[in-house]
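Chain by chain, the residues run as shown.
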Amino acid sequence: MTSTGGTRESALGAKHPAAEALDVLVAKYRLRIEEWDFSQLDSDLGDRIMTIHDSRDGARTIAVAQEQDPWVRLHAVRRLLIEMGERP
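Residues numbered from 1 in each chain as written. Predicted model: local features only at pLDDT ≥ 70, side-chain atom pairs only at ≥ 80, totals over all residues. Heavy atoms only, no water.

Colleague: Talk me through the side chain of Glu35; I want residue IDs and the actual numbers.
Modeller: Take Glu35: it is sitting in strand 2 (residues 32-36). Here Glu35 falls in the buried class, since its relative accessible area comes to 10%. (Helix = DSSP H or I, 4+ residues; strand = E, 2+ residues; numbered from the N terminus. Buried < 20%, exposed > 50% of the residue type's maximum accessible area, 1.4 Å probe, protein only.)

Here's what the structure looks like:
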C-alpha cells in the first residue's frame, strides 16, 4: 500500500494526531510513504525494522511497517529524516 502520509482515522472519522503530524512532514519534505509487510522476512529482523529509506535517483520514499502504531511511525520517520540531514 502506498500513501502520502500516516493517515489513520478513528471510528469517528477524526485523524490521529500523530498521523496529522506525519502528513505535515510528508508535505514539507516531499516524501512518499509506502507501507511494507516486513514480517515476510525470514528472521526476526522484520519485527525490528521501523523504516527504510530509498534514495535511488533522488527519490524520497520511506517504507514503514504495515499496521505500525501512528506514534512509532511518526518518531521513526522523524529519526530517519534527521539521519538524512534534515531538521524536522
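Read on, since the account is not over.
Colleague: Outline the pattern of salt bridges, supporting the account with residue identities and numerical values.
Modeller: Summed over the entire model, instances satisfying the criterion amount to 4 salt bridges. Residue Glu35 pairs with Arg73 through a salt bridge whose shortest N-O separation is 2.9 Å. Residue Glu35 is found in strand 2, and its partner Arg73 is found in helix 3 (residues 70-83); the two are separated by 38 residues along the sequence. Like Arg73, Glu35 is buried. With a closest N to O distance of 3.3 Å, Glu86 and Arg60 form a salt bridge. Residue Glu86 is found in the segment after helix 3, and its partner Arg60 is found in the loop between strand 3 (51-54) and strand 4 (61-65); the two are separated by 26 residues along the sequence. What makes Glu86 partly exposed here is its relative accessible area of 25%. (Salt bridge = Lys/Arg side-chain N within 4 Å of Asp/Glu carboxyl O.)

Colleague: So what about the packing of aromatic side chains? Which residues, and what values?
Modeller: Here the structure, examined in full by the defined rule, presents 1 aromatic pair. With 5.9 Å between their ring centres and 65° between their planes, Trp36 and Phe38 make a pair best called edge-to-face. What makes Trp36 partly exposed here is its relative accessible area of 37%. (Phe/Tyr/Trp six-rings, centres within 6.5 Å; stacked < 30°, edge-to-face > 60°.)

Colleague: Could you give an account of the nonpolar core, naming the residues involved and the relevant values?
Modeller: Core analysis: the biggest nonpolar cluster contains 13 residues, and Leu31, Ile33, Ile62, Val77 and Leu81 have the highest contact counts within it. Put simply, the parts of the chain that give this core at least two residues each are helix 1 (17-28), strand 4 and helix 3. (Core = buried A, V, L, I, M, F, W, Y, C linked by side-chain atoms within 4.5 Å.)

Colleague: Before we move on, can you summarise unusual backbone geometry with the specific residues and values?
Modeller: Unusually for a residue other than glycine, Arg30 sits at a positive phi of about 50°. Relative to the helices and strands, Arg30 resides in the loop between helix 1 and strand 2. In this model, Glu67 sits at a positive phi of 60°, which is unusual for a non-glycine residue. Relative to the helices and strands, Glu67 is located in the loop between strand 4 and helix 3.

Colleague: Account for the pairing of strand 3, with residues named and values stated.
Modeller: Relative to strand 4, strand 3 runs antiparallel, the two sharing 4 bridges. In the strand pairing of strand 4, Ile52 is matched with Ala63. Counted between consecutive antiparallel strands, the loop separating strand 3 from strand 4 contains 6 residues, among which Asp57 sits at a positive phi close to 55°. (Pairing = 2+ DSSP bridges.)

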